[in-house]
Amino acid sequence: MATDTTAAVGSCVDAGGSAIGMPQLCFEWFPNQIFWLVVTLVVIFLVLSRVALPRIGAILAERQGTITNDIAAAEDLKARAAEAEKAYDKALADARAEAQRIAAETRAEIQAGLDDAIAKADAEIAAKSAESEKAIAEIRAGALESIEAVAKDTTGDIVTALGGKADADAVTAAVDSRMKG
Amino acid sequence: MAGQAETAADGAEKGGLVFHPMDQFIVKPLFGGDTIAWYTLTNVTLWLALAVLAVVALLVLGTSKRAIVPGRSQSIAELAYGFIYKMVEDICGKEGLKYFPYIMTLFMFIVSANFLGLIPTAFTTTSHFAVTVVLALAVFLTVTILGFVKNGTAFLGLFWVSSAPLALRPILAVIELISYFVRPVSHSIRLAGNLMAGHAVIKVFAGFAAVAVISPVSVLAITAMFGLEVLVSFIQAYVFTILTCVYLKDALHPSH
Amino acid sequence: MEGDLAHIGAGLAAIGSGAAAIGVGNVAGNFLSGALRNPSAAAGQTATLFIGIAFAEALGIFAFLVSLLLMFAV
């Protein structure tokens, strides 16, 4: 390989520094290029396979792990939230039923009290109105008697004033007949 | 090279416009001297070393923080890793992943050498056949030896197309054999040729810039070509890598 | 004009670059029309696209290489 590598630069480059023919086909430069290329490739390969690729692979795997964990955690939280919601719904339904029960009980109690009070009030009103009717009847009877007496007295007085003689029995009979008439 | 001396003499002196599109590919010793032995430190050494530094900076220093939420350089490193990893896995299957570090080495070297070559006044190592032929031959020999080691003589089934009619098979076998041995040639020349062509064209446009009247056009053309070359630099690295994967797949599963 | 038959040959060989351009355009155009018909399948075939383009282009690069050899090496 290294037999003809010591040829002069001048055989591929002219005096003015320009290329003679295609520089790509100057075989004198090949050993140099190939040697350094192989060195480069070996260095890049060692760096990549020892350091870079495992590291990037680890980073990507770690990120994948983190994402998977986060998703699992999120699922867990979601399940817990669903559970909590269910419990809340149940509590709400219970509370509503309880409230309805209490309301019904209260309503029944109030109704009973009300019925009692109404009955009592009805009885009282009935008693009071009976009493009042009796009083009214007495008053009316009293009033009729008073009118008779006043009418007899007045009749007697009128008869007397007209110069007649007031006969008590005649007056009474006249007034009675008039009152009935 | 027989006719080199004569053709070099003309071409150089043509009056106003002087193009030296190939001068950028000359290998020079870094510290003077006029011999280039295999161990001489040359501009090849310099730019290969810079390629190594670029790869190390990106893949080792860039990932040194090992952050769960990656920074800029770590993102690029992870992107490159994922890109090649997926390519190897898609094309070669699970058993190809054993060779992932080798393919990653090839890709990272070619892509960083290509991009470094785009720096003005840089030396493009991958535009030299000496470099790309070594890369392609390494792939070719590895794949061929691997094919025989893994499959024994069944590897020859690659050339015997069992789905074709029997009469056609010998002819197809010859064609397959030729195309198999042309692989390293096209593999290496594609990479070097693309880069050499692009750089030479840019250099030719740069030669036109010496004429004041057309220099704005020339600068525009250089800009456009440079953009294209950035694309080509990446695509050629990608193509080299993906073809390596395809050849590796042939070695691992030779049945057509 | 100076120059010789080799330069003419180099120019002729450069026609091959145009042929490669037709080939690459064919590959990319057919890929695109296929991808527009079935966009969901296109993403998985980009690797195949690049392999096809690479093969088509390799032959153009051969023409370019022949041209360069005629210009500089023969």
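Placed above this text is the structure.
Quick notes on the rules
Residues numbered from 1 in each chain as written. Chains lettered and ligands numbered in written order. Predicted model: local features only at pLDDT ≥ 70, side-chain atom pairs only at ≥ 80, totals over all residues. Heavy atoms only, no water. Axes fitted to C-alpha atoms, helices over the stretch in contact; angles between N-to-C directions. Helix = DSSP H or I, 4+ residues; strand = E, 2+ residues; numbered from the N terminus. Parallel < 35°, antiparallel > 145°, perpendicular 65-115°, else oblique. Contact = heavy atoms within 4.5 Å. Nonpolar A, V, L, I, M, F, W, Y, C, P; charged D, E, K, R; others polar. Buried area = accessible area lost by both parts, 1.4 Å probe. Salt bridge = Lys/Arg side-chain N within 4 Å of Asp/Glu carboxyl O. Polar contact = N/O pair within 3.5 Å; in protein donor to acceptor, adjacent residues only side chain to side chain. Patch = residues over 30% accessible without salt bridge, like charges linked within 9 Å, V, L, I, M, F, W, Y side chains within 5 Å. Areas by Shrake-Rupley, 256 points an atom, 1.4 Å probe, with all protein chains shown as cover. Buried < 20%, exposed > 50% of the residue type's maximum accessible area, 1.4 Å probe, protein only. Core = buried A, V, L, I, M, F, W, Y, C linked by side-chain atoms within 4.5 Å.

Asks: How would you explain the packing of helix α1 (residues 30-161) of chain A against helix α3 (residues 72-92) of chain B if you had to name every residue and give the values?
Replies: Two elements in contact, α1 of chain A and α3 of chain B, have axes whose closest approach is 10 Å; the angle formed by their N-to-C orientations is 95°. If you check the angle between α1 of chain A and α3 of chain B, you find them roughly perpendicular. Two secondary-structure elements touch here, α1 of chain A through Leu53, Ile56, Gly57, Ile59, Leu60 and Arg63 of chain A and α3 of chain B through Gln74, Ala77, Glu78 and Tyr81 of chain B. Across the contact of α1 of chain A with α3 of chain B, the residue classes break down as six nonpolar, two polar and two charged.

Asks: Before we move on, could you go through the interface of chain B and chain C and cite the residues and values that matter?
Replies: Opposite the 22 residues of chain B that make contact, chain C presents 16 residues. Overall, the association of chain B and chain C removes approximately 1,700 Å² of surface from exposure, summing both partners, and the carbon and sulfur fraction of that is 78%. If you look at where chain B meets chain C, you find zero salt bridges. Linking chain B to chain C there are two residue pairs in polar contact (both at pLDDT 80 or more). Mapped onto the side of chain B that touches chain C, the elements with two or more residues apiece are α1 (4-12), α6 (169-208) and α7 (215-252) of chain B. The residue makeup of the side of chain B that touches chain C, split by class, is 14 nonpolar, five polar and three charged.

Asks: Hey, could you go over the side chain of Ser188 of chain B for me, with residue numbers and the actual values?
Replies: All names here are of chain B. Among the structural elements, Ser188 can be located in helix α6. At 3.1 Å, the side chain of Ser188 forms a polar contact with the backbone oxygen of Val185. Excluding anything up to four places from it in sequence, Ser188 contacts Thr132, Val133 and Ala136.

Asks: Give a detailed account of a nonpolar patch on the surface, specifying residues and quantitative values.
Replies: Residues and elements named next belong to chain B. A surface patch of nonpolar side chains, amounting to about 370 Å² of accessible area, comprises Phe83, Phe115, Phe226, Val230 and Phe234. The element contributing the most residues to the nonpolar patch is α7, with three residues. Among the secondary structure elements, Phe83 is positioned in helix α3. Residue class for Phe83 comes out partly exposed when judged on its relative accessible area of 31%.

Asks: Could you give an account of the interface of chain B and chain A, with specific residues and numbers?
Replies: Taken residue by residue, the interface counts 53 residues in chain B and 47 residues in chain A. Of the roughly 4,600 Å² buried where chain B meets chain A, counting both sides, 74% is carbon and sulfur surface. Summed over the three residues of chain B that lose the most area to chain A, namely Trp38, Ile68 and Tyr81 of chain B, the buried surface amounts to 15% of that side. A salt bridge links Glu78 of chain B to Arg63 of chain A; its shortest N-O distance comes to 2.9 Å. Contributions of two or more residues to the side of chain B that touches chain A are made by α1, α2 (43-61), α3, α4 (100-117) and α5 (129-151) of chain B. Broken down by element, the residue count for the side of chain B that touches chain A peaks at eight residues, all from α2 of chain B. Among the residues making up the side of chain B that touches chain A, the classes are represented as 37 nonpolar, twelve polar and four charged.

Asks: Give me unusual backbone geometry: which residues, what numbers.
Replies: All names here are of chain B. Even without glycine at this site, Arg66 takes up a positive phi of about 50°. Tracing the chain through its elements places Arg66 in the loop between α2 and α3. The backbone phi angle of Thr121 is positive, close to 70°, even though this residue is not glycine. Its location among the elements puts Thr121 in the loop between α4 and α5.

Asks: I'd like a description of the nonpolar core, backed by residues and values.
Replies: With 75 residues, the main nonpolar core has Leu48 of chain A together with Leu59, Met104, Phe109 and Leu135 of chain B as its most contacted residues. The biggest single contributor to this core is α7 of chain B, with twelve residues. Every residue in contact with Phe109 of chain B, bar those within four places of it in the chain, is listed here: Leu37, Thr40, Leu41 and Ile44 of chain A together with Leu48, Ala51, Thr126, Val131 and Leu135 of chain B. Ile189 of chain B together with Leu65, Leu68 and Ala73 of chain C belong to the second largest nonpolar core, which has 13 residues in total.

Asks: For the pattern of salt bridges, give the residues involved together with the corresponding values.
Replies: Residues and elements named next belong to chain A. Inspection of the entire model under this criterion finds eight salt bridges over all chains. Among the ionic pairs, Arg80 bridges to Asp76, the shortest N-O distance being 3.2 Å. Of this pair, Arg80 and Asp76 are both found in helix α1, four residues apart, which corresponds to roughly one turn of the helix. Between Lys152 and Glu148 there is a salt bridge; the shortest N-O distance is 3.4 Å. With Lys152 and Glu148 both in helix α1, this residue pair falls four residues apart, about one helical turn. Classification of Lys152 by relative accessible area gives partly exposed; the value is 23%. Note on Glu148: relative accessible area 29%, which makes it partly exposed. Taken together, the shared-partner salt bridges connect Glu98, Arg101 and Glu105 into one network.

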